[in-house]
Every structure is written in structure tokens, then in C-alpha cells.
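# Observations on the model geometry
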Amino acid sequence: MTDASLPCVFARSQFLGSLLTPALLAGALAWALTSYAEAEVAQAAKRTVPQGFFGATSGKPMTRFDFDLAREFGVMASNGVESTRTGFFWSDLQPYATMADVPAAEAAKFRAVAGVPTDFSFTDRFVTAAAQHAIEVLPVVVTTPAWARRDPLRGNSAPTGTANYARFVGALVDRYGPNGSLWREQPGLRRVPVRDWQIWNEPDHDYYWHEQPFQRDYVRLLRAARTTIKRKDPGAKIVLAGLAGRSWDVLGRIYAAGGRGKFDAVAIHPYTLRVSNVMRIMEFVQAALKRNRDAARPVWITELSWPAAKGKVTNSYGFEATEAGAAANLRAVYPKLVARRGELGIARVYWENWISDDRDPNLSWDWAGLRQYRAAGSRDKPALAALRAIARHYEGCAKSTVATRCR
């Protein structure tokens with residue numbers, strides 16, 4: 001109901017007034033105003049994006065064991081973020097091949113999972129804290145432990161074969177999926193099981209996958225991981241590794257290597273200086289999907305950012321911004337992505353990242369957070385206010401003159 005319809009409400013009440021007593025007239029007016037208020041709230045509360053559309057990658061401070069995750073997820077939820085993406089680092093969770101390899105001083109941290117010592121301490125904390133605030137978790141399952149690498153001396157070396165990685169992701173589903181042991185061990189915890197699994201990150205980049213070209217071996221790994229995850233949770237979604245740079249060309253290489261049908265969502269990292277080029281990248285990606293007869297495949301933007309590192313770092317990627325510039329770009333790009341999400345298949349967008357330290361002069365990503373971590377109290381940056389306003393609007397909890405429906 002718009003303001004223009006308000007006179008009609010009073011006109012109807014005036015007509016009723018000629019027939020009603022003063023007491024009944026007062027009741028009629030109250031009913032009319034209540035009806036108007038309820039209609040306005042319903043209009044303000046109309047949601048226009050799917051659950052989890054507004055997400056954020058966690059950020060380095062959130063990986064520390066002394067960080068207050070529960071409090072931070074509360075801040076995240078209050079700002080409209082409904083999903084978070086974080087690394088589940090295989091090399092950290094299973095650094096040893098057998099229990100006999102575990103040093104005695106570390107033995108208490110590990111449990112044997114299919115014979116492999118596994119340390120769930122960080123991932124348990126993260127998933128538990130997110131669940132307390134109904135935030136969905138998208139794990140990026142990445143980095144190979146030395147015992148499972150092709151080259152044990154290279155931290156960025158790809159896995160040897162597929163069996164060890166598939167067994168590991170299966171253990172993660174057994175722990176955090178719908179029937180996961182974490183939920184049984186904490187019966188009072190709100191259940192927000194992990195249903196989405198991202199298989200690796202930017203494998204076309206040497207930083208994450210040393211052995212190039214990557215596509216045939218990556219598709220084999222993707223296939224094995226998918227088979228294991230779907231067997232344990234048929235409703236799970238397999239998210240392709242995030243693709244940056246000329247992502248549409250890399251996507252074509254994955255299809256050519258037999259990737260079609262091995263993932264449920266494409267993942268893109270459209271880093272660029274101009275907002276208009278983000279949209280061009282997404283158009284190119286959609287064209288690549290059509291060429292490979294897969295246009296209905298959902299697209300997740302699992303990283304999007306303009307790090308607020310302009311003038312603060314020695315090595316620039318070319319798309320750094322000031323804090324004000326990052327906020328302006330955020331305000332400009334999200335409405336465009338929402339407006340064209342049906343046309344371009346955009347199902348989720350994760351800002352890179354939620355919180356950062358803002359101090360490394362050699363790393364732009366250390367300045368990318370919506371918040372800056374400070375031990376004495378973290379600071380909101382201008383981009384956070386921009387995201388909050390946009391997320392609340394599209395999630396249907398924007399303020400009206402009558403009521404506010406926000407978390």
C-alpha cells in the first residue's frame with residue numbers, strides 16, 4: 001500500500017462515520033489504520049534475494065584461536081550477512097598420515113578418522129559459532145598435507161591421486177553434514193549443517209596448484225570428491241573452485257577436460273578496477289556456460305572486493321581502492337548484480353573479506369575487510385554500512401515508518 005492510497009482509507013472511514021456511533025467510528029478508524037500499517041510492513045518485508053545471497057569470506061583474524069568467533073558472527077548477522085566462506089585446510093586438519101606419526105605432545109588434539117589423525121578443533125569452533133547465529137558455512141577444502149602431495153617439499157603441490165582427498169571431504173561431511181557427529185555431540189546447538197562444499201580454490205594459479213596445466217587432474221579430483229559427498233549427503237551442493245582472471249576461458253578448459261555434470265554451481269572471482277567490468281565478466285561467464293550447454297548452472301561469486309589498500313602497499317594488483325572508494329564500488333555493484341541475477345544466473349555473492357588486520361604493506365588482501373581487527377575493539381569501515389543497507393533492503397528488512405523487521 002502506498003501513501004497515495006491513504007486518503008482512500010480515510011474516505012471509507014468517513015463514509016462509515018455517517019452510519020456509525022462515535023465509539024464504532026473510532027474502532028473503524030483503528031481497524032483502517034492497522035490494516036494500512038500491516039500492508040506497509042508486508043511490503044517493506046518482501047524479500048527479493050534467496051537465503052544466503054549476501055555472504056562474506058571470513059578473513060584472517062577469524063582463523064586465530066584467541067579470536068571471539070561467537071561475538072563476530074553476531075555482528076555479521078546483525079549486518080545482513082547470511083553465509084560465510086572459509087578455508088578448511090586439509091594440510092592443517094590432517095598433517096600426519098598415521099597416528100604413529102603424531103608427536104606425543106600433540107596427540108591429544110587428534111582423533112583417528114578412517115585411520116588418519118584429524119584435528120577438528122578449528123573447524124568445530126567455526127561451524128559451532130556460525131550455527132549459533134544461523135549463518136551458513138561454505139568451506140573451501142584446499143591445501144594438501146606433505147604426506148599426500150606429489151611434491152612433499154612444495155606447499156602448493158597438488159594431491160597425489162584422488163583417494164586421500166575424497167576420504168578427507170567424506171570425513172568433513174560425516175562431521176558437519178546433516179547427520180554429522182558435531183550435532184549429535186552438541187544436542188542443544190541450533191543445527192545449521194554444511195550442505196555446500198567448494199572443491200579447491202583458483203587451481204589455474206600456481207599459488208594454489210603447482211602442477212600446470214591443472215584441468216584434467218582437477219576434474220578427476222572434483223569427480224572423486226563429488227561421488228563421496230553425494231553418497232553421504234545426496235542433497236549437498238558441489239561448488240566449483242573459484243576462478244579469477246579470464247575465468248570464462250578457464251571454465252571452458254574445465255568443460256573440455258570433462259567437468260560438465262561434476263559440479264552444481266560455478267564459482268567466479270571477478271576482480272577488476274571498474275564496476276562495469278564486473279558485469280562484463282559475468283556476461284562472459286554466462287556465454288561460456290551457454291557454449292557448453294550448461295546455461296542453467298547457478299553462478300556463485302565466491303570472492304568480490306576492492307581492497308582498501310590504495311597507497312598502503314608496495315605491490316598493487318591494480319584494483320585497490322581507498323576505504324571510501326571500496327564503499328562506493330560496493331554500493332554500485334550489488335544492485336546491478338541483484339537486478340541481473342536471473343539473467344546471469346547469480347545465486348550468491350561473497351565479499352572478500354569480512355575482517356582484516358590492515359597492516360601488511362606487501363599484501364593488498366590484508367586491507368580488504370569490511371571491518372578492521374583491533375584487539376581493543378574492531379572498527380567498522382564505510383563499506384560495511386553500505387553492505388548493511390543493501391542487504392537489509394533486498395532481504396526484506398528495510399525500515400518503514402511503521403515497523404522494522406531486521407535481525
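These lines cover the structure that appears in this document, whether it is placed above or below. (Residues numbered from 1 in each chain as written. Predicted model: local features only at pLDDT ≥ 70, side-chain atom pairs only at ≥ 80, totals over all residues. Heavy atoms only, no water.)

### Some remarks on helix α9 (residues 247-256)
This is how the line gets drawn: Burial classification: accessible surface area is computed with a 1.4 Å probe over protein chains only, and a residue below 20% of its type maximum counts as buried, one above 50% as exposed, and the rest as partly exposed. Secondary structure elements are taken from DSSP: a helix is a run of H or I of four residues or more, a strand is a run of E of two residues or more, and numbering for both begins at the N terminus. Note that the arc is defined by the directions from the helix axis to the C-beta atoms. Two residues form a contact once any of their heavy atoms are found within 4.5 Å.
For α9, every residue scored as buried is listed here: Ser247, Trp248, Val250, Leu251, Ile254 and Tyr255. Along α9, the residues classed as buried sweep out an arc of 160 degrees about the axis, all on the same side. Each element contacted by the buried residues of α9 is listed here: α8 (215-232), β8 (266-268) and α10 (275-291). Following α9 by one or two positions, Gly258 adopts a phi angle in the positive range, close to 100 degrees.

### So, the pairing of strand β9 (residues 299-304)
Heads up, the condition is: At least two DSSP bridges between two strands are required for those strands to pair. A clockwise path from the first strand over the helix to the second, with the strands pointing away from the viewer, defines a right-handed crossover.
Among the 6 residues of β9, 6 are classified as buried, and the element is accordingly described as predominantly covered. Two elements, β8 and β9, share 3 bridges in a ladder whose sense is parallel. Bridge pairing in β9 links Ile268 to Ile301. Chirality of the crossover, the property in question, places the unit of β8, α10 and β9 among those that are right-handed. Here β9 pairs with strand β10 (residues 346-351) via 4 bridges, running parallel. What sits directly across from Ile301, in β10, is Val349.

### A look at the packing of aromatic side chains
Worth spelling out the cut-off: Stacked, tilted and edge-to-face pairs are distinguished by plane angle, under 30 degrees for stacked and over 60 for edge-to-face with tilted covering the rest, among Phe, Tyr and Trp rings (Trp via its six-membered ring) whose centres lie within 6.5 Å.
For the structure shown, the criterion picks out 27 aromatic pairs. With a centroid separation of 6.5 Å and 20 degrees between ring planes, the pair formed by Phe54 and Tyr394 is classed as stacked. In this pair, Phe54 sits in strand β1 (residues 54-57) while Tyr394 sits in helix α13 (residues 382-394), placing the two residues 340 residues apart along the sequence. Members of the aromatic cluster, each reached through a chain of ring pairs, are Trp90, Trp147, Tyr165, Phe168, Trp200, Trp209, Phe214 and Tyr218.

### Brief notes about the environment of Asp264
This is how the line gets drawn: Any N or O atom pair separated by 3.5 Å or less is treated as a polar contact, with the protein-specific requirement of one donor-capable and one acceptor-capable atom, and with residues adjacent in sequence counted only for side-chain atom pairs.
Summarising the element assignment, Asp264 is placed in the loop between α9 and β8. Given a relative accessible area of 17%, Asp264 falls into the buried group. Setting aside its immediate chain neighbours within four residues, Asp264 contacts Arg226, Lys230, Ala236, Lys237, Ile238, Arg297 and Pro298. Within the local environment of Asp264, its side chain forms a polar contact with the side chain of Arg226, the two groups lying 3.3 Å apart.

### A word on the nonpolar core
Test applied: By convention a nonpolar core is built from buried Ala, Val, Leu, Ile, Met, Phe, Trp, Tyr and Cys residues, the set being connected through side-chain atoms within 4.5 Å.
If you look at the biggest cluster of nonpolar residues, it comprises 103 residues, and the most contacted ones within it are Phe54, Trp197, Tyr218, Trp306 and Trp354. With 8 residues, the top contributor of residues to this core is α10. Ranked by size, the runner-up nonpolar core spans 6 residues in total, among them Leu138, Val239, Ala267 and Trp300.

### Some thoughts on the pairing of strand β5 (residues 136-142)
Buried residues dominate β5, accounting for 6 of its 7 residues. The sheet contact formed by strand β2 (residues 83-89) and β5 spans 7 bridges and is parallel. Residue pairing across strands places Phe88 opposite Val141, the latter belonging to β5.

### Observations concerning the pattern of salt bridges
Pairing is possible between side chains that carry opposite charge, provided their charged atoms lie close to one another. The test is simple: Salt bridges are counted wherever a side-chain nitrogen of Lys or Arg sits within 4 Å of a carboxyl oxygen of Asp or Glu.
In the structure shown here, the tally under the stated rule is 23 salt bridges. A salt bridge links Arg175 to Asp124; its shortest N-O distance comes to 2.7 Å. Of this pair, Arg175 sits in helix α6 (residues 163-176) while Asp124 sits in helix α5 (residues 121-132), and the two are 51 residues apart along the sequence. Owing to a relative accessible area of 2%, Arg175 belongs among the buried residues under this scheme. Across the salt bridge formed by Arg297 and Asp294, the nearest N and O atoms sit 3.0 Å from each other. Several salt bridges share partner residues, and in doing so they unite Arg111, Asp124, Arg175 and Glu185 into one network.

### Thoughts on the sheet that holds strand β6 (residues 196-199)
Defined as follows: Only the stretch in contact is used when fitting a helix axis, every axis being a line fitted to C-alpha atoms; angles between N-to-C directions are given from 0 to 180 degrees.
Read from one edge of the open sheet, 8 strands run β7-β6-β5-β2-β1-β10-β9-β8, paired in parallel fashion. Whereas interior strands pair on both sides, the edge strands pair on one side only; in this sheet they are β7 (237-239) and β8. Ignoring strand direction, the axes of neighbouring strands in this sheet form an average angle of 25 degrees. Where α8 meets the sheet, its contacts fall on β6 and β7, and the angle it forms with β6 comes to roughly 160 degrees. Sitting on the sheet, helix α11 (residues 323-339) touches β1, β9 and β10, and the angle it makes with β10 is about 170 degrees.

### Thoughts on α8
Defined as follows: Take the number of residues in a helix, subtract one, and multiply by 1.5 Å to get its expected span.
With 18 residues, α8 should cover 26 Å at 1.5 Å per step; its first-to-last C-alpha distance of 26 Å lies within 8% of that length. Buried residues of α8: Gln215, Tyr218, Val219, Leu221, Leu222, Ala224, Ala225, Arg226, Thr228 and Ile229, and no others. Buried-residue contacts for α8 involve α6, β6, β7 and α9.

### With respect to the sheet that holds strand β12 (residues 371-372)
In spatial order, the strands read β11-β12-β13; together these 3 strands make up an open sheet with mixed pairing. The strands lining the two open edges of the sheet, one partner per strand, are β11 (355-356) and β13 (379-380). Here β11 runs beside β12; their pairing, made up of 2 bridges, is parallel. In the sheet register, Ser356 faces β12, and the bridge partner there is Gln372.

### Here's the deal with the side chain of Asn79
As for its position among the elements, Asn79 is in the loop between α3 (69-78) and β2. Judged by its relative accessible area of 5%, Asn79 is buried. Here Arg388 takes part through its side chain, which lies 2.6 Å from a polar atom of the side chain of Asn79. Those residues in contact with Asn79, other than ones at most four positions away along the chain, are Trp354, Leu384, Arg388 and Ala391.

All we've got here are geometric facts, nothing functional implied.
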